[in-house]
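This is what each chain is made of:
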Amino acid sequence: MTDARILAQTMLGNEPYGLLIGEGWRPATGGGRFTVTNPATGDHLAEVADADASDVQAAIDAAATALPSWSIVPAPARAAILRRAAGLMLEEQERLATVMTLEQGKPLAEARGEIAYAASFLTWFAGEAERIYGMTIPASIANKRLLVLRQPVGVCAMITPWNFPSAMITRKLGPALAAGCTAVIKPAEQTPLSALELGRILRQAGLPDGVCNIVTCQDPIPFSTTIFDDERVRKVSFTGSTEVGKLLIQQSAATVKRLSLELGGNAPFIVFADADLDAAVSGALASKFRNAGQTCVCANRIFVQRSIYEAFAERFTVRVAAMQVGNGLDPATVIGPLIDQQARTKVERHVADALAGGASILTGGSAATPETQFWTPTVLAHATPTMLVAREETFGPVAPLIGFDDEAEVLGYANATPFGLAAYCYTRDLSRAWRMAEGLEYGIVGINDAIPSTAQAPFGGFKQSGLGREGGPSGIDEYLEEKYVSMVL
Ligand code: NAD
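Cut-offs applied
- Residues numbered from 1 in each chain as written.
- Predicted model: local features only at pLDDT ≥ 70, side-chain atom pairs only at ≥ 80, totals over all residues.
- Heavy atoms only, no water.
- Phe/Tyr/Trp six-rings, centres within 6.5 Å; stacked < 30°, edge-to-face > 60°.
- Helix = DSSP H or I, 4+ residues; strand = E, 2+ residues; numbered from the N terminus.
- Buried < 20%, exposed > 50% of the residue type's maximum accessible area, 1.4 Å probe, protein only.
- Lys NZ or Arg CZ within 6 Å of the ring centre and 35° of its normal.
- pLDDT = per-residue confidence, 0-100.
- Contact = heavy atoms within 4.5 Å.
- Polar contact = N/O pair within 3.5 Å; in protein donor to acceptor, adjacent residues only side chain to side chain.
- UniProt positions renumbered as here; feature names shortened; annotations may be inferred.
- Salt bridge = Lys/Arg side-chain N within 4 Å of Asp/Glu carboxyl O.
- Pairing = 2+ DSSP bridges.
- Axes fitted to C-alpha atoms, helices over the stretch in contact; angles between N-to-C directions.
- Domains from an automatic or database assignment.
- Buried area = accessible area lost by both parts, 1.4 Å probe.

> Which parts of the structure should I look at to understand the packing of aromatic side chains?
Given two aromatic rings, one states the distance between the centres and the angle between the planes to describe the pair. As enumerated under the stated definition, the model contains eight aromatic pairs in all. With a centroid separation of 5.8 Å and an interplanar angle of 85 degrees, the aromatic rings of Trp-162 and Phe-395 are classed as edge-to-face. Taken as a pair, Trp-162 in the loop between strand 7 (155-159) and helix 6 (167-179) and Phe-395 in the loop between helix 13 (388-391) and strand 16 (398-404) lie far apart in primary sequence, 233 residues in all. Like Phe-395, Trp-162 is buried. By the ring-pair criterion, three or more aromatic residues cluster together here, those being Phe-269, Tyr-424 and Tyr-426. One residue, Lys-235, lies across the ring of Tyr-479, its end atom 5.0 Å from the ring centre.

Right under this line is the structure:
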């Protein structure tokens, strides 16, 4: 079946993809559209509306208009809508996963997993909506009563990346809606279809007009200028590169907006000689190659203690060499395409730099075909901490293996980066596990766990990997203001 016919089976696929603003779907004011491309085939998938600044303004107007009535909807009623939306996502899991694979490239099994993961944020924050407790504080003066109320921040703008087109939205939108905020969302230009399908589902679940607005556009600048200039937008939540995150920090100064930033990573994956070797190999495989290595938490530097280096490299390489590269719609595929040519160029640059610096290729090392974005999963032996592949986020299926001798040395290597999102450590020594968990300067540490992310736990980075936390019990705090009320009786 052609991509177009698969898309036509989606609810939105029969119509031109519009902007979701206020009471429904509409074209961009200037009539602009842009093309969404399948990264596996290069085929044009669909056309979506290309919003300009006036459309963004209209979306902010709609969110501001909807705010007073949405913020007073009782928490259990807000929670019920979120739960209904999560249920609809799971009912439509196959269809939504197919749309995601078409526009993003990840294997269908991973796309199904992401839909379930994305829905889990709506369910988790539905529960949190019902637990937005305030506080009373004992006063030092007899006739005073001190109270703390927790109220929604207001209109929130959200900017999301292409690597998790559904989950990166619900991880922000779930807590925002649960708290009583309204939203204006700009999905990544490479993957707008998953966002629009989510918008349809939220309306189907009964979300009132204007509470969630989705603005697709090819150029992010007019969007960000408009939201940062508007006093009514009280918060901006961004997931993407550290470079853009820094620009947004500067832009937020003019109107002192609250910011949440989930930025880039450079995860160390550390394997000690006392680790369960098979578990470490499987963990490294899952962490490194999920989404073709295009995740912010994926192992970027694999440190292996020298006494087991050869054994690890051998077992790991056999597994990597067996990974099938191809179109994500093929059930045999485990590695899909990179998102675009720019991503491929970065991977090429990192591999060339490593080889020039003395690394050697154990498997892979080149594009699967010269003209496409498929990169053969690669293992590099004898990599060093000074190579580009260890200093920058590669964002591709390349695993550099770096040897180390002892704990102090590897902890030094692991922390010698401006990033601090996720780190992994495999060991069976309980004391060492604690020392590493406490010593790693990272927001997320997986001990013998390569896939720690879950809606129930806080997700976010130290250092230049970001500000704030998403998910977990504290995720909703990002969308709430604390108001202190002092009352004299
Ligand atoms: P990116 O920063 O280029 O783009 C992310 C989003 O920002 C897109 O929607 C894009 O249109 C928008 N954008 C780009 N320039 C902008 C600007 N000047 N003003 C406002 N918006 C702008 O990042 P990317 O390449 O799409 O995503 C990959 C990056 O995201 C990686 O660094 C990855 O580590 C990071 N990421 C982080 C997390 C996390 O939770 N920490 C999760 C996923 C991805």
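Continuing now.
> Just checking my understanding: could you explain the confidence of the model for the protein chain for this structure?
Predicted coordinates in areas of low pLDDT are best not read in detail. Across the protein chain, pLDDT averages 96, with 97% of residues at or above 70. Across the protein chain, the element-wise mean pLDDT spans from 64 in helix 1 (residues 3-8) up to 99 in strand 8 (residues 182-186).

> Help me out: how do you make sense of the environment of Lys-257 in this one?
Among the structural elements, Lys-257 can be located in the loop between helix 9 (242-252) and strand 11 (258-262). Taking C-alpha positions, Lys-257 is 28 Å from Ser-453, a pair spaced 196 residues apart along the chain. Beyond its immediate sequence surroundings of up to four residues, Lys-257 is in contact with Ile-227, Phe-228, Asp-230, Glu-231, Val-233, Arg-234, Val-236 and Ser-252. Only 2.8 Å separates the side chain of Lys-257 from the backbone oxygen of Asp-230, close enough to count as a polar contact.

> Please clarify how the UniProt feature "domain: Aldehyde dehydrogenase" (unreviewed entry) in the protein chain should be interpreted in this entry.
As recorded in UniProt, the sites labelled "domain: Aldehyde dehydrogenase" (unreviewed entry) are residues 25-485. Across residues 25-485 one finds 40% helix and 21% strand; the C-alpha atoms that close the span lie 41 Å apart.

> Hey, could you run me through the environment of Ala-311 in this one?
For Ala-311, the location among the structural elements is in helix 11 (residues 306-321). Accessibility expressed as a relative area gives 35% for Ala-311, which makes it partly exposed. The spatial distance from the C-alpha of Ala-311 to the C-alpha of Leu-277 is 8.6 Å, given a sequence separation of 34 residues.

> It is not clear to me how the pattern of salt bridges should be interpreted in this structure. Could you clarify?
Two side chains that carry opposite charge are able to pair once their charged atoms sit near each other. Taken as a whole, this structure holds 25 salt bridges when the rule is applied. With its nearest N and O atoms 3.6 Å apart, the salt bridge here joins Glu-47 to Arg-33. Residue Glu-47 is found in strand 4 (residues 44-49), and its partner Arg-33 is found in strand 3 (residues 33-37); the two are separated by 14 residues along the sequence. Judged by its relative accessible area of 42%, Glu-47 falls in the partly exposed class. For Arg-33, a relative accessible area of 34% corresponds to the partly exposed category. The residue Asp-230 makes a salt bridge to Arg-232 at a minimum N-O spacing of 2.9 Å. Residue classification places Arg-232 among the partly exposed residues on the basis of a relative accessible area of 31%.

> Would you explain the UniProt feature "active site" (unreviewed entry) in the protein chain in this entry?
Within the UniProt annotation, "active site" (unreviewed entry) is assigned to Glu-262. Assignment of secondary structure puts Glu-262 in strand 11. Aside from chain neighbours lying at most four places away, what touches Glu-262 is Arg-171, Phe-238, Thr-239, Gly-240, Leu-421, Phe-459, Gly-460, Gly-461, Ser-465, Gly-468, Arg-469 and Glu-470.

> It is not clear to me how the sheet that holds strand 6 (residues 144-152) should be interpreted in this structure. Could you clarify?
Paired through their backbone hydrogen bonds, the strands of a sheet run either parallel or antiparallel. Taking strand neighbours across the sheet as the criterion, the three strands line up as 5-6-22 in an open arrangement whose pairing is antiparallel. Pairing within the sheet leaves two strands with one partner each, and these edge strands are strand 5 (135-137) and strand 22 (480-488). This sheet shows a mean twist of 25 degrees between the axes of neighbouring strands, independent of strand direction. Across nine bridges, strand 6 lies against strand 22 in antiparallel orientation. Residue pairing in the sheet places Arg-145 in a bridge with Met-487 of strand 22.

> So what exactly am I meant to see when it comes to the domain arrangement of the protein chain here?
By a frequent convention, interface size equals the accessible area lost on bringing the separate parts together. You can read the domains of the protein chain as domain 1 (3-263 + 465-486) and domain 2 (267-454). Look at where the C-alpha atoms of domain 1 and domain 2 centre, and you get two points 31 Å apart. Of the residues lining the interface, 25 residues belong to domain 1; the matching set on domain 2 comes to 25 residues. For the pair domain 1 and domain 2, the two sides together bury roughly 1900 Å², of which 60% comes from carbon and sulfur. A per-residue breakdown of the area domain 1 buries against domain 2 is headed by Pro-39, Trp-162 and Ser-465, which together make up 25% of the total. Taken together, the connections running from domain 1 to domain 2 amount to zero salt bridges. Contributions of two or more residues to the side of domain 1 that touches domain 2 are made by helix 1, helix 4 (93-104) and helix 5 (108-129).

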